[in-house]
Amino acid sequence: MKAAVIHEHGGLDRVRVEEVPEPKVGEGEVLLEVRSAALNHLDIWVRKGRPGLALRMPHVLGSDAAGIVVELGSGTHGVKVGDEVILNPGLSCGCCESCLRGQQSECISFSIVGAGKPGTFAEKVAVPSCNVFPKPAHLNFDEAAALPLVYQTAWRMLMTRAGLKPGETVLIHGIGGGVALAALQLAKLAGAEVIVTSSSDEKLSKARAIGADHAVNYKSVDNVATEVKDITEGRGVDVVIDAIGAGTWDTNFNLVRRGGRIVLCGITTGGEAKTNLRALYWNQLTIMGSTMGSHEDVRLMLKAVTTAGLKPVIDSVRPLKDIANAMGRMEAGEQFGKIVLKTSE
Ligand code: ZN
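So, here is what we can say about the structure in this document. (Residues numbered from 1 in each chain as written. Predicted model: local features only at pLDDT ≥ 70, side-chain atom pairs only at ≥ 80, totals over all residues. Heavy atoms only, no water.)

## Focus: the sheet that holds strand S11 (residues 169–172)
Formally: Only when DSSP finds a minimum of two bridges between them are two strands counted as paired. Here a strand is any run of E in DSSP of at least two residues, a helix any run of H or I of at least four, and the numbering for each starts at the N terminus. Between N-to-C directions, angles cover 0 to 180 degrees, with each direction set by a line fitted to C-alpha atoms, over the stretch in contact for helices.
Taken in spatial order, the 6 strands line up as S13-S12-S11-S14-S15-S16 in an open sheet, and their pairing is parallel. Because the sheet does not close on itself, it has two edges, and the strands there are strand S13 (214–217) and strand S16 (286–289). Averaged over neighbouring strand pairs, the angle between their axes works out to 20° when direction is ignored.

## Considering the coordination of the zinc ion
Basically, it comes down to this: Metal donors were taken as nitrogen, oxygen and sulfur atoms no farther than 2.8 Å from the ion, or 3.2 Å where the ion is Na, K or Ca. Water is excluded, so coordination may look unfinished. Irregular is the default label, applied whenever a site is not tetrahedral (four donors, all angles between 85 and 135 degrees) and neither square planar nor octahedral (four or six donors, opposite donors over 155 degrees apart, all other angles between 65 and 115). Using a 1.4 Å probe on the protein chains alone, a residue whose accessible area is under 20% of its type maximum counts as buried, one over 50% counts as exposed, and one in between counts as partly exposed.
Protein-derived ligands of the zinc ion are Cys 93 (SG), Cys 96 (SG), Cys 99 (SG) and Cys 107 (SG), with the metal-ligand distances lying across 2.3 to 2.4 Å. Here the zinc ion binds 4 donor atoms, and the angle range of 103 to 117° at the metal identifies the geometry as tetrahedral. Taken in sequence order, the residues that donate to the zinc ion follow the motif C-x2-C-x2-C-x7-C. A relative accessible area of 35% means that Cys 93 is categorised as partly exposed.

## Observations concerning the sheet that holds strand S1 (residues 2–6)
Taken together, 3 strands build an open sheet; the order of strands is S2-S1-S4 and the sheet is antiparallel. Of all strands in the sheet, those bounded by a partner on one side alone are strand S2 (15–19) and strand S4 (59–60). One ladder, built from 5 bridges, connects S1 with S2; its direction is antiparallel. Paired with Lys 2 across the strands is Glu 19, a residue of S2.

## Focus: the pairing of strand S5 (residues 64–72)
In this structure, strand S3 (residues 29–38) lies alongside S5, joined through 8 bridges in antiparallel fashion. Counted as the bridge partner of Glu 33 is Ile 68 from S5. As judged from the 3 bridges shared by S5 and strand S6 (residues 84–87), these two strands associate in the antiparallel manner. The residue bridging Ile 68 from the neighbouring strand is Glu 84, located in S6.

Encoded structure:
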């Protein structure tokens, strides 16, 4: 079958589309015929390599997928051949203390399809049967493939971790990225007021068109925190959604309200930053890390998306052979929404 693979870590030129053997279904697994897959920043980290990541080369990239179940391994349940499904790429052991609490993304051996095992940028992928969920009927395969990783991440950050309530104000950094846009859509669904930031007026205007209440261009204002304080009449926001890391960390402490929550799910600008300890204790802030989601987060996210008829924001749909260009677009931060790959093209 055709797949996008790396033989070694490195730059965009390390990604190749080539023939690889079809995966075999193991016990408790199903074989998916992948119709569409979506890019994530994780794919860039995996391509570049990072400490602790030991892959068997050549490695098939990709975490998000929507497709059709074409084969069942032994011991699967709740799935049949022909089902149209989306993949929850979070892999957990099922029997550790966290898994038994239903917190699969806290599993001691948590990993992700495309990072812990061969990924979805292929015509077929073998995954645990409990990781496939029915594809929402109002979405086509391209739209459905855009959901799993970033929408569950945003759901967990907003609903499970921050406990967002209607009427609260949420600040989302770097609108245009997958998690940021998912958080915008889900926060609006939950009845929150949303402030977004970007360095691009074009992205800010697109974000307003899909529901952002306020948009701040961090390049054209002197101080983002002052701007956000003005918008909130000096109060600050209830919740900060941060997938940026080092570049935004310090600012968060100047724009969150007393007693507010800061939720971090990514470090696209770096993983080390100073923390304003005075603001942390005096303003009684809560800092939370968040990774992917539990099976329950995914189920609730899909239910909410289906009930509201919500459609994910898609930047572009491209053939698999265009993967290097697609990754380059994401690395340059040019995208607005998910980049979807057609695995059969
Ligand atoms: Zn576990």
